[in-house]
Structures are given as structure tokens and as C-alpha cells.
Amino acid sequence: MGHSGTHDGALVVLSILIAVLASYTALDLAGRMRASTGLYRYAWLGSAAVAMGGGIWSMHFVAMLAFSIPDIPFSYDLTLTLVSLALPVVVTAFGFLVSSRAGATPMVLGFGGLVMGLGIAGMHYAGMAAIRMAATLTYVPAWIVISILIAIGASAVALWLASRQTGWPERVGAALVMGLAVSGMHYSAMYGAVITPSAEARTSVAASVGQTHLAIWIASTTFLILILALIAAMFDRHFAHAAAREAAALRASEERFRLLVQSVRDYAIFMLDTEGRIANWNSGAERIKGYRENEIVGSHMSRFYTQEDQAAGVPFAALETARREGKFEAEGWRVRKDGTRFWASVLIDAIHGPNGEPLGFAKVTRDITERKQAGEALEATRQALAQAQKMEAIGQLTGGVAHDFNNLLMAVLGSLELLRKRLPPDPRAERLLDNAVQGAQRGAALTQRMLAFARRQNLNPRPLDVAALVDGMDELLTRSIGPAIEIATRFPPGLPRAVADAHQLELGLLNLVVNARDAMPAGGTITISARAASGGGETGLQPGPYLCLSVTDTGEGMDEETLARAHEPFFTTKGVGKGTGLGLSMVHGLAEQSRGKLVIVSRKGVGTTAEIWLPAVDGQAEPQAADAAPAPVATGGGRRLRILLVDDDPLVLENAAAMLEDLGHTVIPARSGPEALSVLGQGVEPDIVITDHAMPGMTGLQLVERIRTASLDLPVILATGYAELAPEACSGLQRLQKPFSQADIAQAIDGLLS
């Protein structure tokens, strides 16, 4: 030490305290910078740099105030003094900025410490260069190196501490170490300073700072550091209060969330650990699954799955999917505590901690059994609607085909009838002609069945000999069931007649026989029988005599559930495309319309008996129209009539005209309703009008309405192939059913004129 100066002990201690205080304040402010963003980050950076740099500067000049040499007064150059203040602030800001970046490596921190340490050492020697005194100032090189190394070491430690999350005890310890290190750097440098009194020593006339002003500067800087520390403390209290409020709010939020979860009763909401064990339980889970919390917590969630799903590993696959993809969502059967099943919608979400570590799963289950049943019912209704639409389309197609086929058959039958009159006697030709007529009549019977299926034929209930009706269907039934099944009939003598529509009853009986056939895939026997019965009592029918027609098979039979639904439209136990489910419902409708009922008795593995109960009467049964003997051809009471004949089908028009002309009548043909009105408008006055109904442009009923509107008092016969007409629409009209023969048309004319 090349001087005889002394240090004031109190000021030396003050300089060290300033260094410690500045270090603590700077580290605290730098820690806040790391937790902030945007402008706040740079505000904390500037505050930390001012606290550290200004504190080091204050420590230096307080130490210089503590130093004195007898008879040598000191003053300081203003410019260099300001440079010595700015230099540590700038390099400290740079160092803290480097340390605050995410992922700062030791090499980066070391570089920042080097720059910061050189800046602090530069501050010291700039401050020494600012001294104005009557002496020369030199330094021992070794002490210069030692002071620089101390500054770099202290800076590196400061930046390392600033880059870590530390509490106040660590910051206090670090502040003591740094304060002592920075002070040690100053006093080491001062120890290596050599001051030699000299009359030619540096004295400057430039602006200088005296000891008093310097003391004011130092006090201001120290006060600034204290203000920064106070601000930090205020923020600490603010943050502490905010943290307390947040903690209270969090506790209140958690309580509200707990109450919310516990109050939800439509959803089972609970947590699972990473292995799938249940961690908690809400009231909705208790309601849906039936377990209390103390019964289920700690159990594995796989216990809710069916045995089939457990065997297939479904619950573990669900957890693995949620773990891999973050979420698992599905629907399926689940099992309650009492063993009953319900259809559940399940959602499993993976839960992770702040660092991404798996914590477990959140599981939400909802009982959607009613929704599933409603969906299934809706789907069944949709399929039933589609089936009904299909059957309606088939019925319309069948009715249309039957209508056109009726017209063709009428042309064939009428032509054969007229041809029979014109052929010379020839047994062989007559036999061929009879075969053709019988074929056409069978076609007409088939057409009637098609119309009955399409519901385009009115019921015509009349007393029937059921035994004779079944006997007449023998060939049709045999062809319908195949050779593997035998048909047996049992009709005791003296049975009453049943009142029903013959064609509809044939169709219903055919449906029952076909159903019986399908119930016996390996073959068997179908027994068709009848017995007299009485209504009233437990039968649910009106009192009176009834005929019970039954069809019994030896097939598979039906269980109680299937039997309960057997009457439902569209219900069928057959595969897709093998049955419409309409057969029994059609028979049921026929029986109900006939004021009877359909009864089905069945046992699984034994067979099924279907009974059609029909009202019965005594007396002679009426013969079927197809089997009736040809009626004598009438002639219209011997009159020769002028007949306006209207039909859009040329074959039917020509054939009907030929039959009428053969009866001796004069025919005025018209191919449509407008053409018939045109004929009438020309002054033609026919005796009667015979018109088809189903014609394009103008129907037969519309033609009749136009004739009546024109005040033409003309008798009208309406010819139609199927009963698509309401009864009130045909009031006052003579009906002629297609296909008609010459006898039918003559009979209709006689009926009209009589």
C-alpha cells in the first residue's frame, strides 16, 4: 500500500451494508423479472440493474468518503463520476437479462458474469480516475488482477443465483456473500493503490464534485435502493394478499365444484387412479350403479362391465385408449350392484399433472337405456313404415296389374263366348274351347285374389260352406306347401255355414297354411278342421252361433313373448326378406271385419293352432260365383236398345260391343269420357249408358256427374274391375263387375230397366 491514508470504520461498515442491501434487493427484483412478461419484465430488469449497479457505485464512494490522507483534500470529476455510475447499471442489466432467459447454460452465465465483473471493476477504476487531489495515483498490477477476479466471481455468483428459484433465506445468504465480495473487490483495489503527494498533481478547473455533494449523491442512490426494496416489499404484501385471496377463492371453487359434482344425479362422475381403481364417488354414481362410496372406493372399475366384456378385456382396452389418445368414448351394457344391466354412455378422460405426468382418469357414465329403447322403437317404426310403404306400393302395383288383367280376361272370355255361338258343332273344337274358357276363368279367380290382397275389393260376406271352400282350395294349398308336408282335413257333418267373404277367407286360410309350413322346416302335418261354437262369456264375442275354423301344425311352436306379439303388424320371426309380418295381422283384420276374432294357441316345441271364429247361420250355403252354372242370357225384355258404351281399352270396347250387338242392341262406342259427352252433345239419345270407371282424363263417376248436370235422364251402368269407390259415390248406379260375360251384361241391363 503506497499511501498513509486511513479509513473511517463507521463508513467502512456502512459501505459493506450498502453492498449487501443492494445485492439482496437486486436478487429479489431479478427473481420477479423471471416470473413476469412484457413490459413488466423489463421494468423489473431495470429496477434490478439500478439496485445492483447503483448499490455498487454507492458502496464505492462511501468507501472513498471513509478514506482520507492528511493534508490532501479530494474532489471528483463530474463526467467520470457519472460514467462510473452508468457503467455498473448497464453491465448489470446485461447480466440479469442473460440469466433470465429460459435454458441459460453455465457457459452463458459465465460469459454474462465476465462482462458484468469487468464492468464493475471498470466502475471502480473509473471512480478512482475521477479523483482530483494533489498527488499522483498508480496501482500494483497484482492487486488489479485480484480485484478484477473478485468482481467477475461475484458477478457470476449473482447471475447464477438470479437464474434459480430461491426463497428469502437463500437470498439473504447470497446477499451477504455478494456484498462482502463486492466490498472486498474495492478494498483489495485500494490496497494496491499507490498515492504519491506532489505539487504538480492533478488539479482540474473543470466541474468537480466535492465531498459534500458526493455524500448527497450517495445518500440519494442509497435512498433509491431503499425505495426499490420498499416497492418490492409492497409487491410482496400485494402478492401475498392476492395469493391468499386466490387460495380462498380456490378453496371456495373446489367446494362449489364438489357440491356441483355431488348434486349431479343423472351422471356418474368419479376419478380413477392410473391403474383404473376408483378414487371417489358422487351421488349420481350411487343412484345409477347402486353402490355406496364406502362400498366401491378402491375397487377396479372393471366390476361395472359384463362378464363377456371382462373376458374380452374391454375395460383395460378403454383405459389404454384414454391413456394413449387422451380420451375414450363408447356405449355399451354395464352392470349395477343388484346384477341388472343398463345401457351406458361412457367417457374416460386422461388427467395429467403440471409437468405432464399421468395422474389418473376422470370417468363420466350416463344411463341412456330409455334413449336406446326409444331409438330402437323409432328404428322399428321406421322399418315398419318402410315395410308399409313397400306393401302399399306392391298393393298398388298388384291392383293395377289385376285391373289390366281383368280387361284382358274379359276380352278373352267374351270372344270365346261369341266364338262358341259361331262355330259349327264339333266335339273336339268344343273341348278345346271349354279348356280355354276354364283357363280364363281360373285367371279371373287369380285376379280376384290379387285384388283382395291389394284391398281393392269390397268384402262381400255371405253364408259359406267352409268344408266345400277348403276342398276347392286343395290343389292351391298342396302346391303352396310342397311335398314334405301333409294336409289333413276334419269337417264333421252338420256344420253351420260361416258368414264371410269367400275370397278373403281363402286368402286368410292360405296365409295360415303358409305360416304353418314355415314352422315345420323338417316336414310334418297340417290339420285343417272346423267346429260349431258359441259366443258370449269369456270368448269376448257377441252371443250367438259361430263357426271355428282352425289350422294346426306340428312345428316348432312359439314362446310366450313371441305369442304375445304375433298379432302385431310387421312382427315376424322369419329372416329379412322371408316375411312381411302381415299374414296374421291380415287374418286378424278379416276376422274382426267379419265380427269374429283370431285366436292363436302355441307351445314351444309342440306346435301352433290358429283359430278363425266367424259368425254362423243355418240353411243352404250359396254356391261360389266361379262355380255357378251359366245363367240364361237375357235380352233386355225383348227391346232393342241404343247403348252408349264407354271404355278406354280398345279390346274391352270392341268385345263388349260385340256381345251387346249379339244380344240385338245398337252400340255407340266412345273411347273416353269427353268423347261420350261429345256424342251426347250432337243430339244422340241412347237408351242407357255403360261406362268403365278407371279411365284417364275423366273417370266414369265424373262422366255420370256431367250427364246428371246436363239434366239428361239416362240410366247408367258402371263397369269396374275393383272397388276403389266409396259406397255413397255409387248410389243409384247399377254396378257391373269386370270381367263380365254376355250373361252378366244382359242381367245388368235387365236389372237396370226393371
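All values derive from a computational prediction rather than experimental measurement.

**Structural notes on the overall build of the protein chain**
For the protein chain, the helix and strand inventory stands at 22 helices and 23 strands. Counting only residues that meet the buried cut, the protein chain has 43% of its 754 residues in that class.

**What about unusual backbone geometry?**
The backbone phi angle of R595 is positive, close to 65°, even though this residue is not glycine. Mapping R595 onto the fold places it in the loop between α18 (583-593) and β17 (597-603).

**Some points on empty space enclosed by the protein**
Vacant regions in the atomic arrangement are exposed by a probe of water-molecule size rolled over the atoms. Taken as a whole and assessed by the stated rule, the structure comprises 2 cavities of 30 Å³ or more. Considering only enclosed or pocket space, the second largest cavity measures out at about 40 Å³ in volume. Every residue lining the second largest cavity is listed: L645, V646, D647, V652, A656, I690, T691, D692, A719, K738 and F740. Elements with a minimum of two residues in the lining of the second largest cavity: β19 (642-646), α19 (650-662) and β21 (688-692). Element by element, the count of residues in the lining of the second largest cavity is highest for β21, at 3 residues.

**Observations concerning the sheet that holds strand β8 (residues 267-272)**
In spatial order, the strands read β8-β11-β10-β9; together these 4 strands make up an open sheet with antiparallel pairing. The open sheet has two free edges, formed respectively by β8 and β9 (327-335), since each of these has just one partner strand. When the angles between neighbouring strand axes are averaged without regard to direction, this sheet yields 25°. In the sheet, β8 pairs with strand β11 (residues 358-367) via 6 bridges, with the strands oriented antiparallel.

**Observations regarding the sheet that holds β19**
Ordered by their spatial adjacency, 5 strands build an open sheet running β20-β19-β21-β22-β23, and the pairing between neighbours is parallel. In this open sheet, the two strands that pair with only one neighbour each are β20 (666-670) and β23 (734-737). Adjacent strand axes in the sheet meet at a mean angle of 20°, parallel and antiparallel pairs treated alike. Contacting β19, β21 and β22 (716-720), helix α21 (residues 700-709) runs over the sheet at an angle of about 150° to β21. With respect to the sheet, helix α22 (residues 742-753) is in contact with β19, β21, β22 and β23, its orientation differing from that of β23 by roughly 175°.

**Here's the deal with the nonpolar core**
With 43 residues, the main nonpolar core has F74 and M133 as its most contacted residues. Looking at this core, the elements that each hand over two or more residues are α1 (9-34), α2 (38-66), α4 (106-129), β5 (135-139), α5 (141-162), α6 (168-191) and β6 (193-197). Per element, the largest residue contribution to this core is 11 residues, and it comes from α2.

**Some remarks on the confidence of the model for the protein chain**
The predicted model of the protein chain has a mean per-residue pLDDT of 78, with 79% of residues at 70 or higher. Confidence over residues 201-207 falls short of pLDDT 50; this stretch has 17 contacts with residues more than four positions distant or in other chains. Contacts for the low-pLDDT stretch residues 575-582, under 50 throughout, to residues beyond four places or in other chains number 13 contacts.

**Details of the packing of aromatic side chains**
Ring pairs (aromatic) are described by centroid distance and by the angle formed between their planes. Under the counting rule described, the total for this entry stands at 8 aromatic pairs. Here the aromatic rings of Y125 and Y139 are separated by 5.1 Å at their centres, their planes lie at 85°, and the arrangement is edge-to-face. Residue Y125 is found in helix α4, and its partner Y139 is found in strand β5; the two are separated by 14 residues along the sequence. Taking the relative accessible area as the measure of exposure, Y139 reaches 24% and is therefore partly exposed. What links up through ring pairs into an aromatic cluster is the set F270, W281, Y291 and F304. A cation over a ring is seen here: R334 above Y305, with NZ or CZ 3.9 Å from the ring centre. The positively charged end of K372 is found above the aromatic ring belonging to W343, 4.0 Å away from the centroid.

**Observations concerning the side chain of T365**
Position of T365 among the secondary structure elements: in strand β11. The class for T365 is buried, based on a relative accessible area of 1%. One polar contact links T365 to K363, side chain to side chain, over a distance of 3.1 Å. Look past the residues within four positions of T365 in its chain and what remains in contact with it is D266, Y267, A268, I288, K289, F342, A344, S345 and V346.

**Things to note about the pattern of salt bridges**
This structure, assessed with the given rule, holds 14 salt bridges. Of the charged contacts in the structure, one is a salt bridge between R341 and E308, with a shortest N-O distance of 3.2 Å. Of the two residues, R341 is situated in strand β10 (residues 341-352) and E308 in helix α10 (residues 307-311); the sequence distance between them amounts to 33 residues. R341 gets classed as partly exposed once you look at its relative accessible area, which sits at 44%. Where E379 meets R382, a salt bridge forms, and the shortest distance between an N and an O atom there is 2.6 Å.

**What to know about the environment of V667**
Along the chain, the position of V667 falls in strand β20. Among the residues examined, V667 registers a relative accessible area of 13% and is labelled buried. Sequence spacing of V667 and L641 is 26 residues, and the spatial spacing of their C-alpha atoms is 8.3 Å. Contact partners of V667, with chain neighbours within four places excluded, come to I643, L645, A657, L660 and E661.

What counts and how
Residues numbered from 1 in each chain as written. Predicted model: local features only at pLDDT ≥ 70, side-chain atom pairs only at ≥ 80, totals over all residues. Heavy atoms only, no water. Helix = DSSP H or I, 4+ residues; strand = E, 2+ residues; numbered from the N terminus. Buried < 20%, exposed > 50% of the residue type's maximum accessible area, 1.4 Å probe, protein only. 1 Å grid on protein atoms, 1.4 Å probe; cavity = no way out; pocket = protein on both sides within 12 Å on 5 of 7 lines; lining within 4 Å. Points joined across faces, edges and corners; volume = space filled by probe spheres on them. Pairing = 2+ DSSP bridges. Axes fitted to C-alpha atoms, helices over the stretch in contact; angles between N-to-C directions. Contact = heavy atoms within 4.5 Å. Core = buried A, V, L, I, M, F, W, Y, C linked by side-chain atoms within 4.5 Å. pLDDT = per-residue confidence, 0-100. Phe/Tyr/Trp six-rings, centres within 6.5 Å; stacked < 30°, edge-to-face > 60°. Lys NZ or Arg CZ within 6 Å of the ring centre and 35° of its normal. Polar contact = N/O pair within 3.5 Å; in protein donor to acceptor, adjacent residues only side chain to side chain. Salt bridge = Lys/Arg side-chain N within 4 Å of Asp/Glu carboxyl O.

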